[in-house]
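Residue strings, one per chain:
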Amino acid sequence: MPTEAKRENISALVEALAKADAVYVAEYRGLTVAKTTELRKAIRDAGGEMKVCKNTLMRLALDEAGMIRADGIDTGPNGYILSYGHVAEVAKAIRDFAKVKENSAFVVKGGILGKDVTLDQKQVFALADLPSREELLAQVVGLLAGPMRGLVTALSGPARGLVNALSALKDKKSA
């Protein structure tokens, strides 16, 4: 049975997990304090937060939050990266940090998307390759505007032809 202090930690984790859209699991063993601070800043800028806690406490918190456990990847000294609304942006931040040679001690193991989808490392990196929300919205607007632009061009063609013919007639008469 967890002590009162651990129970408070679990409650705080459950509260954070309730707001999170995704949880990424990464091993940070061997990172310096400066590198860890740099990582936390990158995650914060992307719309997430990194929590370091005992794996047992996180398992209990995941159970209480009604989320699936990340079995197999929740061993060793793990950092749990919570994404609040920017799933792909946070995945990009941790992928980019992990790709730098000096940060080879940081290993992304996998994650949990939503409440019941587990991800491995390849899937987390594939999620990081998705375009940002703004880029996706711009693509949708472009797709919607394309047919309308074509319709306007098609409808304005005969009127433009008439104007060109009248202009040519005017030039011919004046000459």
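Presented here is an overview of the structure given in this document.

Rules behind the numbers
Residues numbered from 1 in each chain as written. Predicted model: local features only at pLDDT ≥ 70, side-chain atom pairs only at ≥ 80, totals over all residues. Heavy atoms only, no water. Buried < 20%, exposed > 50% of the residue type's maximum accessible area, 1.4 Å probe, protein only. Helix = DSSP H or I, 4+ residues; strand = E, 2+ residues; numbered from the N terminus. Arc of directions from axis to C-beta. Contact = heavy atoms within 4.5 Å. Patch = residues over 30% accessible without salt bridge, like charges linked within 9 Å, V, L, I, M, F, W, Y side chains within 5 Å. Areas by Shrake-Rupley, 256 points an atom, 1.4 Å probe, with all protein chains shown as cover. Salt bridge = Lys/Arg side-chain N within 4 Å of Asp/Glu carboxyl O. Polar contact = N/O pair within 3.5 Å; in protein donor to acceptor, adjacent residues only side chain to side chain. Axes fitted to C-alpha atoms, helices over the stretch in contact; angles between N-to-C directions. Parallel < 35°, antiparallel > 145°, perpendicular 65-115°, else oblique. Left-handed = near helix turned anticlockwise from the far one by under 90°. Nonpolar A, V, L, I, M, F, W, Y, C, P; charged D, E, K, R; others polar. Phe/Tyr/Trp six-rings, centres within 6.5 Å; stacked < 30°, edge-to-face > 60°. Lys NZ or Arg CZ within 6 Å of the ring centre and 35° of its normal.

**Describing helix H3 (residues 55-65)**
So, step 1. Those residues of H3 that fall on the buried side of the exposure criterion are Asn55, Leu57, Met58, Ala61, Leu62 and Ala65. Relative to the axis of H3, the buried residues are bounded by an arc of 155° and lie together on one face.
So, step 2. In this structure, the buried side of H3 is in contact with helix H1 (4-19), strand S3 (78-83) and strand S4 (107-113).
So, step 3. In the stretch just after H3, glycine 66 is the one whose phi turns positive, near 75°.

**Side note on a nonpolar patch on the surface**
So, step 1. Among the surface-exposed residues, Val140, Leu144 and Met148 lie close enough to one another that they form a single nonpolar patch of about 300 Å² accessible area.
So, step 2. For methionine 148, the position within the fold is in helix H6 (residues 133-174).

**Digging into helix H5 (residues 121-128)**
So, step 1. What H5 keeps buried is the set Val124, Leu127 and Ala128. Within H5, the buried residues cover an arc of 105° as seen down the axis, which keeps them to one side.
So, step 2. Packed against the buried residues of H5 are strand S1 (22-27), helix H4 (87-99), S4 and strand S5 (117-120).
So, step 3. Between a side-chain oxygen at the N-terminus of H5 and the backbone nitrogen of lysine 122 the separation is 3.3 Å; the capping residue is aspartate 120.

**With respect to the environment of alanine 105**
So, step 1. Mapped onto the elements, alanine 105 comes out in the loop between H4 and S4.
So, step 2. Once residues lying within four places of it in the same chain are set aside, the contact partners of alanine 105 are Glu27, Tyr28, Arg29, Gly30 and Leu31.

**Concerning the packing of helix H2 (residues 33-46) against H4**
So, step 1. Packing of H2 against H4 leaves a shortest axis separation of 8 Å and a crossing angle of 155°. One element, H2, and the other, H4, form an angle in the roughly antiparallel class. Between H2 and H4 lies a crossing whose hand is right-handed. Taken together, the residues of H4 that come into contact with H2 (itself represented by Lys35, Glu38, Leu39, Ala42, Ile43 and Ala46) are Glu89, Val90, Ala93, Ile94 and Phe97.
So, step 2. Across the contact of H2 with H4, the residue classes break down as eight nonpolar, no polar and three charged.

**Some words on the pattern of salt bridges**
So, step 1. Considering all chains together, one arrives at eleven salt bridges under this definition.
So, step 2. Linking lysine 35 and glutamate 38 is a salt bridge whose minimum nitrogen-to-oxygen distance equals 3.7 Å. With lysine 35 and glutamate 38 both in helix H2 and three residues apart, this pair spans about one turn of that helix.
So, step 3. Residue classification places lysine 35 among the partly exposed positions, given a relative accessible area of 21%.
So, step 4. Among the salt bridges present, the one from aspartate 63 reaches arginine 69, with a minimum N-O distance of 2.7 Å.
So, step 5. Here the residues in one salt-bridge network are Glu27, Arg29 and Lys109, joined through shared partners.

**Observations regarding the packing of aromatic side chains**
So, step 1. By the definition in use, this model includes one aromatic pair.
So, step 2. When the centroid spacing of 5.4 Å and the interplanar angle of 85° are considered together, the rings of phenylalanine 97 and phenylalanine 106 count as edge-to-face. Across the pair, phenylalanine 106 and phenylalanine 97 agree in class, each one buried.
So, step 3. Here the guanidinium or amino end of lysine 19 rests over the ring plane of tyrosine 84, the centre of that ring lying 5.8 Å away.

**Remarks on the packing of H1 against H3**
So, step 1. Packing of H1 against H3 brings their axes to within 9 Å, and their N-to-C directions diverge by 55°. With respect to H3, the element H1 is oriented oblique. Pair H1 / H3 crosses with right-handed handedness. Contacts between H1 and H3 involve Lys6, Arg7, Asn9, Ile10, Leu13, Val14 and Leu17 from the first element and Leu57, Met58, Leu60, Ala61, Leu62, Glu64 and Ala65 from the second.
So, step 2. Broken down by class, the residue content of the contact of H1 with H3 amounts to ten nonpolar, one polar and three charged.

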